[in-house]
Amino acid sequence: MTEPTWSPATTAVTAGRPEHVPDAPLNVPITMAATYVAGGDVEYGRYGNPTWTAFEEALGALEGGRCLSFASGLAVVATVLDLVGQGATVVAPRHAYNGTVMQLADLESRGRVVVNLVDITDTDAVVKACDDAALVWLESPTNPALEVADIETIAAAAHEAGTYVVVDNTFATPLRQRPLTMGADLVVHSATKYLSGHADAVLGAVVVADDQLYDVLKGRRDLIGAIPGTLEAWVALRGLRTLHLRVERAESNAQALVGRLRAHRAIAEVRYPGFGGIVSIVLNGGADGADLLTHGTRLWVHATSLGGVESSLERRRRWKSEPATIPDGLVRLSVGIEDVEDLWTDLSVVLDGLA
Ligand SMILES: *Cc1c(COP(=O)(O)O)cnc(C)c1O
């Protein structure tokens, strides 16, 4: 019998479960184990854990590849960038996630790699840059500028040039974009965000289609030890079960808010790629206006990070490391799953006072 192809909503609920046999638990337990009885495939707690495996099976099924979980999103970024040869060129978005750009700058300052930061929306320029690069790092949509890359065109050109393609898929999630089907070699996630979705765990993951690449990455994880916490993996899998519901609700809330934000006099610019739950707004009042907003709301919590059930917001340039090309008055909204009218009431009371 051939297995039917389940839809992503079904996969999110069913993947990474124990087999349906009498008295099997429906959920994989939290296996706290530093070591295992000798003679098996795992042997030691740094080499594997059944709770990680369950999370990895579920995310791998959603992305269409084989998954490895890590201690954090940035642990994945470091592990992948470490594969780049000495002195090779890495192409990356100038507005990639701040920590990614900081890692690249750190590597470049130590002579490890040459970094070529590009405008990810300028497909021709990115394609040209791939020519002499070992790796092109894509993030789409970017954080927090919300620029969208033409992944398929860039990946095709990159492969002609023998360049590996990574896509940080944290914002889109596999429900809105499956980079491996678009030509990417590696998909990177901060599972801290939408995948776990409740702002209660820090976790990263990488998904690849190629078995050899999987083995290389597994070998690096074994050696470096940037392994996930068992509880974090369990919590992330628990969150993943409702990914489709959370993403749908955050997205419909975001879509309802975008039109109202665009019409508001206190706002100069609204950036929204048309999908997902992240909206960036630029306040007319610059940094001061943005700070009044982030300190003035009661429902929306002033906090960094994103992708949780609760709505949050922050002025990104409050971080010294955020590039100057991000407007001073840009506030990134992570739209949650609350009642959208309540979200608008809370925002508009403060915005009206600024207009
Ligand atoms: C948060 C984030 C990361 C880093 O992930 P951590 O889990 O915080 O280490 C990487 N990429 C993007 C797009 C992010 O938003």
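Glancing now at the environment of Val-113. The topology assignment puts Val-113 in the loop between α4 (98–109) and β3 (114–118). Separated by 46 residues in sequence, Val-113 and Cys-67 have C-alpha atoms that sit 26 Å apart. Beyond its immediate chain neighbours, meaning those up to four positions away, Val-113 contacts Val-84, Gly-85, Gly-87, Ala-88, Val-90, Leu-107 and Glu-108.

Taken domain by domain, the protein holds domain 1 (8–240) and domain 2 (243–354). Each of domain 1 and domain 2 has a C-alpha centre, and these two points are 27 Å apart. Carbon and sulfur atoms make up 64% of the area that domain 1 and domain 2 hide from each other, which totals about 2400 Å². A per-residue breakdown of the area domain 1 buries against domain 2 is headed by Pro-144, Arg-176 and Tyr-194, which together make up 28% of the total. At the surface where domain 1 touches domain 2, the tally comes to one salt bridge. Arg-176 serves as the salt-bridge partner of Glu-251, at 2.8 Å between the closest nitrogen and oxygen. Linking domain 1 to domain 2 there are 11 residue pairs in polar contact (both at pLDDT 80 or more). Secondary-structure elements contributing two or more residues to the side of domain 1 that touches domain 2 are α1 (8–14), α4, α7 (173–176) and α9 (230–240). Here the residues of the side of domain 1 that touches domain 2 sort into 17 nonpolar, nine polar and three charged.

The rules behind these values
- Residues numbered from 1 in each chain as written.
- Predicted model: local features only at pLDDT ≥ 70, side-chain atom pairs only at ≥ 80, totals over all residues.
- Heavy atoms only, no water.
- Helix = DSSP H or I, 4+ residues; strand = E, 2+ residues; numbered from the N terminus.
- Contact = heavy atoms within 4.5 Å.
- Domains from an automatic or database assignment.
- Buried area = accessible area lost by both parts, 1.4 Å probe.
- Salt bridge = Lys/Arg side-chain N within 4 Å of Asp/Glu carboxyl O.
- Polar contact = N/O pair within 3.5 Å; in protein donor to acceptor, adjacent residues only side chain to side chain.
- Nonpolar A, V, L, I, M, F, W, Y, C, P; charged D, E, K, R; others polar.

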